[in-house]
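# Fold and geometry: a report
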Amino acid sequence: MPARMQHPLVCLQVLILGLAMMSGCGSKRISLPEVEAAIRQGIPLGASDSLVAATLDEMKIEHSAFDQDKRAIQAIVRSTAKSATTTTSVQVVFSFNPDRRLADYAFREVLTGP
């Protein structure tokens, strides 16, 4: 896909992700598979660490800086689900090869409290 076509797709994904997270006051807001699909589509394997960080910034997803020792960036999509006693978020670990290109993703739900 041409580079100029990727930007509108990323904007659309940001809009969809934002609306999904804001809709409703309780229960399920956005599922782990939805977060995973949006991130996989917006951040392809082979992307540079700087492109990953810039895309996460555009998507308004909280993330760490690139960790050179672990060759990773950690991110969290907060409040993907909520109950009376817990809040669930999706944690994403982006793993990079020695050339600082995205090699893998790991997604998991974490309980982050009320």
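All of these numbers come straight from a predicted model, not from anything done at the bench. (Residues numbered from 1 in each chain as written. Predicted model: local features only at pLDDT ≥ 70, side-chain atom pairs only at ≥ 80, totals over all residues. Heavy atoms only, no water.)

### So, helix H3 (residues 49–58)
- For H3, every residue scored as buried is listed here: Asp49, Val52, Ala53, Thr55 and Leu56. The arc enclosing the buried residues of H3, seen along the axis, measures out at 165°, which places them on a common side.
- After H3 finishes, the residue Lys60 shows a positive phi value of roughly 60°. (Buried < 20%, exposed > 50% of the residue type's maximum accessible area, 1.4 Å probe, protein only. Helix = DSSP H or I, 4+ residues; strand = E, 2+ residues; numbered from the N terminus. Arc of directions from axis to C-beta.)

### Examining the confidence of the model for the protein chain
- With 75% of its residues at a pLDDT of 70 or more, the protein chain shows a mean pLDDT of 84.
- Across the protein chain, the secondary-structure element scoring lowest on mean pLDDT is helix H1 (residues 3–22), at 54, and the one scoring highest is strand S2 (residues 62–63), at 98.
- A low-confidence stretch, residues 21–25 stays under pLDDT 50, and its non-local contacts, those more than four residues away or across chains, total six contacts. (pLDDT = per-residue confidence, 0-100. Contact = heavy atoms within 4.5 Å.)

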